[in-house]
Amino acid sequence: MYGLGLAKGLMVTMKNFIRPPFTVQYPEERLPQHPRFRGEEFVWYDERCTGCASCAKYCPLGIIKIVTSPSETAVLEGDKYDIEVFDIDIGRCMFCGLCVEACPYDALFMGSGFERGRYQRKDLVISVDELRQAVKRPSTWFRPQLENARYDPQEGEPLAWEDVGREKWPWHKQEKAGAKINRTVHRGGAESSQDKK
Amino acid sequence: MVPFLQDNVIYRGVYCWLGGNEGNAQWCGGDGLLPGGYEWVAYFVAGLTIMLILVNGALLGAAVFVWAERRLLARFQARRGPNRWGPWGILQPIADLVKLLIKEDIIPTAADRIAFTLVPIIMLMSLLLSLAVLPFARNTYLANLNIGVLYIVAVSSMTTIAIFMAGWASANKFAMFGAMRGVTMLISYEIPLILSLVGVVLIAGSMSLVSVVEAQYLPFILVQPLGALVFMLGISAELNRTPFDILEAESEIVAGYHTEYSGIKFALIQAAEMAGVLAASGFLATLFLGGWSGPFLSTQLGALWFLMKLSFFVFLFIWIRATFPRLRIDQIMAFAWKFLLPLAMINFLATAVQVYFFGFYHGDVPGEITRNEQWVMAAINVPLAVASIVAFGHFAREGIRVPAVRLESIVPIPRVAEVD
């Protein structure tokens, strides 16, 4: 019958009118955030990072800049590098998370923030000092060990570097780059390995 | 000097407070502040007071309505609406007004400056003039015209002229489109609108709005259900509200006839439109819901009853706006001519026959239609309304028309074989 559709439409809006609004008043109220959120403010553990720059190589946008300096003694032993620059230009980042996927040592994690508005583009570059000093609440994205531990980056405590990896590396800290390791370097051994290739 | 507005309680209060003396003792009943011979001052002050109250009341009402509409529309769409300034965002209209006042007031170079500037004035004027006959409470009206209903129709039709002036003076194609659409639609809707009021006038036996209120032993929405429906829909089109807002369709023609308006002129046009909804709700409440008469204490609480009825219709207008999408021009025309006009005619004929017989029952001169007779009329008219809505709804259903002209007859399309 003509006109019943109109009445039906009126009833739909009336139902909405009676129902409480589901708009969230954002700065005052917040919706719960998923722990696997891929946000800004990457969480990076200096102690775990070897400076391999896998993240920089995998980044589709090429926005991660890493400058390392080899520690003078132990390079050819496969020892660590000292990280001087670790710039992530999140102004151009699309938060695909490939850098986190690429990290072989579980040193880089996504963060949970999304409120990093700045007035200038250069302020959007996260420097290595900022990464070192940040409060470290890593997102559990692509990190099943955190997810299995039911870690919540919103509520949980900041995690230390020993707790975030797939396995604990107790020796890792001592062999960190820059710290001069008291050990002899066998240059010949390195050359012989190149010969084999 | 005989006061012009003898029945108006506010006018009489101000007049007697200032100019009461022996000369008007039986009317005022006390001495005023001014000495004898200065009644003309009281005359002017009282008149200006009434005007001030009416004009500012209309504009303030428009501001409150803007807020109420935004809040309610938001709630109908499961949002919250403006809630930042003041409790529940009630100060939002002030922010809007300040924004509009400090905006640049642009007049296009090609525009007809005089007509362009006159448009907001005429729009607001037609609205304020129509408020003059509206009884807000017992003895609270500016003028009890004996042609009040006709006056409303005549005065509110001036908006059409203002809209066309806006479209013509703007020298803008979108404005012209909007104005043309508006004039087409408004002229069509005048007819059912006026016809729907005839029934009310027949029953009340007078065109004065005060008499109409006093004749309503039963709210006329029951006695005249078809008339109320047609008037509601027709006035909704007259006010350019959303199902009929083709003349300012944002998604098609930028803002229609007020595309080129900005700043205070735009604010005035908006105020006129918004206060127009209030005025229309006031007329609906007066004509079909008993105006200031309520179930009890109509004399003391008349303004309250009136305000409640007005709010009911305002809510209905906002509800309709929140629900229905904009109609096409052909749908709007079909709705006016195939649906509203027959309904208005049926209502008119049915009411005329009923009033004739009830008048015959009273004697030679058609007398007052009593309460019981109004109940009988309601019992006849409500089923009649339902039946005719169903019937004409079926007739007025618009199918999608395929254009008769085929593309090939305009542009010859070469066949593949001929191209080879």
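One numbering rule holds for all chains: residues counted from 1, following each sequence as written. For naming, the first written chain is A and the first written ligand is 1, with later ones following in the order written. Totals for whole chains, interfaces and linings use every residue, but because this is a predicted model, local features are given only for residues with pLDDT of at least 70 and side-chain atom pairs only at 80 or more, for both listing and counting.

### What to know about the overall build of chain B
(1) Moving on: Runs of H or I in DSSP of at least four residues are treated as helices and runs of E of at least two as strands, each being numbered from the N terminus. When helices and strands are counted, chain B shows 17 helices and zero strands.
(2) Moving on: Any two residues are considered in contact once their C-beta atoms, placed from the backbone, lie within 7 Å. Across chain B, contacts joining residues at least 24 apart in sequence account for 74% of those joining residues at least 6 apart.

### Structural notes on the overall build of chain A
(1) Moving on: What chain A contains, in helices and strands, is seven helices and five strands.
(2) Moving on: From first element to last, N terminus to C terminus, chain A shows the α and β order α-β-α-β-β-α-β-β-α-α-α-α.
(3) Moving on: Every C-beta atom is placed from the backbone, and the number of other C-beta atoms within 10 Å of a residue's own sets its class: buried at 20 or more, exposed at 12 or fewer, partly exposed in between. Across the 197 residues that make up chain A, the buried fraction comes to 24%.
(4) Moving on: Counting only contacts in chain A whose residues sit at least 6 apart along the sequence, the fraction spanning at least 24 positions is 76%.

### Remarks on the environment of L268 of chain B
(1) Moving on: Tracing the backbone shows L268 of chain B in helix α12 (residues 263-288).
(2) Moving on: Considered as a pair, L268 of chain B and T242 of chain B are 26 residues apart in the sequence and their alpha carbons are 19 Å apart.

### Description of the domain arrangement of chain B
Residue and element names in this part refer to chain B.
(1) Moving on: Each assigned domain of chain B is listed here: domain 1 (1-102) and domain 2 (111-395).
(2) Moving on: These domain boundaries are the output of an automatic or database domain assignment. The centre of domain 1, based on its C-alpha atoms, is set 23 Å off from the matching centre of domain 2.
(3) Moving on: Every contact between the two is made by 22 residues of domain 1 and, on the other side, 22 residues of domain 2.
(4) Moving on: Of all the elements, helix α3 (residues 39-76) adds the most residues to the side of domain 1 that touches domain 2, at 13 residues.
(5) Moving on: Classes in brief: Ala, Val, Leu, Ile, Met, Phe, Trp, Tyr, Cys and Pro nonpolar; Asp, Glu, Lys and Arg charged; the others, Gly included, polar. When grouped by side-chain class, the residues that make up the side of domain 1 that touches domain 2 number 17 nonpolar, three polar and two charged.

### Let's talk about the environment of G148 of chain B
Residues and elements named next belong to chain B.
(1) Moving on: Position of G148 among the secondary structure elements: in helix α6 (residues 148-156).
(2) Moving on: G148 sits in the buried class, given 27 other C-beta atoms within 10 Å.
(3) Moving on: Sequence spacing of G148 and A350 is 202 residues, and the spatial spacing of their C-alpha atoms is 23 Å.

### Some details on unusual backbone geometry
(1) Moving on: Here the phi dihedral of R150 of chain A falls at roughly 55°; this positive angle occurs in a residue that is not glycine.
(2) Moving on: Along the chain, the position of R150 of chain A falls in the loop between α5 (144-148) and α6 (161-164).
(3) Moving on: Residue R150 of chain A is classed as exposed on the basis of its 9 C-beta neighbours within 10 Å.
(4) Moving on: Although it is not a glycine, N240 of chain B sits at a positive phi angle of roughly 60°.

### Considerations on the nonpolar core
(1) Moving on: Under the definition applied here, buried Ala, Val, Leu, Ile, Met, Phe, Trp, Tyr and Cys residues are grouped into a nonpolar core through C-beta atoms within 7 Å. Counting 115 residues, the largest nonpolar core has A62, A166, A275, L284 and L340 of chain B as the members making the most contacts within it.
(2) Moving on: Both domains that furnish three or more residues to this core are identified here as domain 1 (1-102) and domain 2 (111-395) of chain B.
(3) Moving on: Aside from chain neighbours lying at most four places away, what touches A166 of chain B is V119, A175, A179, Y257 and H258 of chain B.
(4) Moving on: In this structure, C49, I66, F86 and C103 of chain A belong to the second largest nonpolar core, which totals 27 residues.

### Quick notes on helix α15 (residues 371-395) of chain B
Along an α-helix, residues three or four positions apart point the same way, because every turn accommodates 3.6 residues.
(1) Moving on: Taking 1.5 Å of rise per residue, the 25 residues of α15 of chain B would be expected to cover 36 Å, and the 35 Å separating its terminal C-alpha atoms lies within 8% of that figure.
(2) Moving on: Every buried residue of α15 of chain B is accounted for by E373, Q374, M377, N381 and A385 of chain B. Helix span, expected: 1.5 Å multiplied by one less than the number of residues in the helix.

### Brief notes about the packing of helix α5 (residues 113-131) of chain B against α12 of chain B
For any two helices packed against each other, one specifies the inter-axial angle together with the distance between the axes.
Residue and element names in this part refer to chain B.
(1) Moving on: In this description, a line fitted to the C-alpha atoms serves as the axis of each element, helices being fitted only across the stretch in contact, and the angle between N-to-C directions of two axes falls anywhere from 0 to 180 degrees. Two elements in contact, α5 and α12, have axes separated by 8 Å at closest approach and are oriented at 25°. Classified by the angle between their axes, α5 and α12 sit roughly parallel to one another. Considering only the axes of α5 and α12, their crossing is left-handed. Across the interface between the two elements, P120, M123, L124, L127, S130 and L131 of α5 pack against K265, L268, I269, A271, A272, A275, G276 and A279 of α12.
(2) Moving on: A class-by-class count of the residues in the contact of α5 with α12 yields 11 nonpolar, two polar and one charged. An angle below 35 degrees is read as roughly parallel, one above 145 as roughly antiparallel, one from 65 to 115 as roughly perpendicular, and any other as oblique. A clockwise turn of the near helix away from the far one marks a right-handed crossing, whereas an anticlockwise turn of less than a right angle marks a left-handed crossing.

### Things to note about the confidence of the model for chain B
Residue and element names in this part refer to chain B.
(1) Moving on: pLDDT expresses, on a scale from 0 to 100, how confident the predictor is about each individual residue. Across chain B, the average pLDDT comes to 82, with 87% of residues at or above 70.
(2) Moving on: Across chain B, element-level confidence peaks in α12 with a mean pLDDT of 89 and bottoms out in helix α17 (residues 416-419) with 61.
(3) Moving on: As scored by the predictor, the complex reaches a pTM of 0.76 and an ipTM of 0.71.

### Some remarks on the environment of F174 of chain B
All names here are of chain B.
(1) Moving on: Within the secondary structure, F174 sits in helix α8 (residues 173-204).
(2) Moving on: Using a count of 20 C-beta atoms within 10 Å as the deciding quantity, one classes F174 as buried.
(3) Moving on: In this view, F174 contacts I253, V254, G256 and T259; residues no more than four positions away in its chain are not counted.

### Thoughts on the packing of helix α1 (residues 4-18) of chain A against helix α13 (residues 302-323) of chain B
(1) Moving on: At their nearest, the axes of α1 of chain A and α13 of chain B sit 9 Å apart, and the two run at 100° to each other. Classified by the interaxial angle, the pair formed by α1 of chain A and α13 of chain B is roughly perpendicular. Here G9, L10 and T13 of chain A of α1 of chain A come into contact with α13 of chain B, specifically with W319, A322 and T323 of chain B.
(2) Moving on: Residues belonging to the contact of α1 of chain A with α13 of chain B are distributed by class as follows: three nonpolar, three polar and no charged.

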